[in-house]
Amino acid sequence: MGNVWNRRQVLAQAALAPAALSALALPARARIIDTGFEGLVGERAEVALDLLRASRQASFGAGKDVWIWISSLCPYCQKYFREFPDLTVPGFRVHYIPFILGEGETGAVLKVLNDPSQATFLKFMRRELNDAPSVAYNPFYTGALDYTGNPTTLLSRHHAHIRLVQSAYDADAGFPVETGLNRQLSTPRTFFRTQKGALLMWGGGFGKAQFERLREL
């Protein structure tokens, strides 16, 4: 939480050498592990992992670390919540990063950022925080990424954390780094570490089947 990040500082670390898009048949540095798992390795993986650790999150359980962006408005996220209604998964330490999927969710996300307890996060996923008023924020924030400031700034910095992780992945997949800041974000996104130290990412309907695959990595 104490880390202060600057968008361009992180991008400079993550960019390394730009890839020639026309020459890429597969991501230059990514590895595919089983169906649906896409790997992020090397320095970009470490940058993304540092950003995930510094993000405001609600963490439950014990075991292998897994980070999930999750929104109460996302149908895939609600499917996940039906499979894990108490938000814990045996053998895993799951770190939930509240994801702003729509403007009407900003007030609820803000409540989670200010109180990342299991009780509040359960209310978030049950949509019991929808009485929270919407808060305007800048989704393209480019300043420091600590968690201080007024509600608008806090939401902007939180969203910027998520966009930077997306950018690190985009760079590994062969997209120009800056493109990641302008692409539409989707949820859920899931990150975890293998025994070899690689940070991996899977985008889609995460659930019990995917956790069973993770147990084998």
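Draft legend 1. Summary view of the confidence of the model for the protein chain. Across the protein chain, the average pLDDT comes to 77, with 72% of residues at 70 or higher. When mean pLDDT is compared element by element in the protein chain, helix α5 (residues 118–125) scores highest at 96, while helix α1 (residues 7–15) scores lowest at 46. Every residue in residues 178–182 is under pLDDT 50, and counting partners more than four places away or in other chains gives 15 contacts.

Draft legend 2. The state of the cysteines, seen in detail. For the structure on display, the rule yields zero disulfides. This cysteine, Cys74, is not joined by any disulfide, and Cys77 carries the nearest cysteine sulfur, 3.2 Å off. Residue classification places Cys77 among the buried residues on the basis of a relative accessible area of 1%.

Draft legend 3. Region of interest: the environment of Gln57. Inspection of the secondary structure puts Gln57 in the loop between α2 (42–54) and β2 (58–61). Remark: the alpha-carbon pair of Gln57 and Pro98, spanning 41 residues in sequence, is separated by 7.0 Å. A distance of 3.1 Å separates a polar atom in the side chain of Gln57 from a polar atom in the side chain of His95.

Reading the values: rules and limits
Residues numbered from 1 in each chain as written. Predicted model: local features only at pLDDT ≥ 70, side-chain atom pairs only at ≥ 80, totals over all residues. Heavy atoms only, no water. pLDDT = per-residue confidence, 0-100. Helix = DSSP H or I, 4+ residues; strand = E, 2+ residues; numbered from the N terminus. Contact = heavy atoms within 4.5 Å. Disulfide = S-S within 2.5 Å. Buried < 20%, exposed > 50% of the residue type's maximum accessible area, 1.4 Å probe, protein only. Polar contact = N/O pair within 3.5 Å; in protein donor to acceptor, adjacent residues only side chain to side chain.

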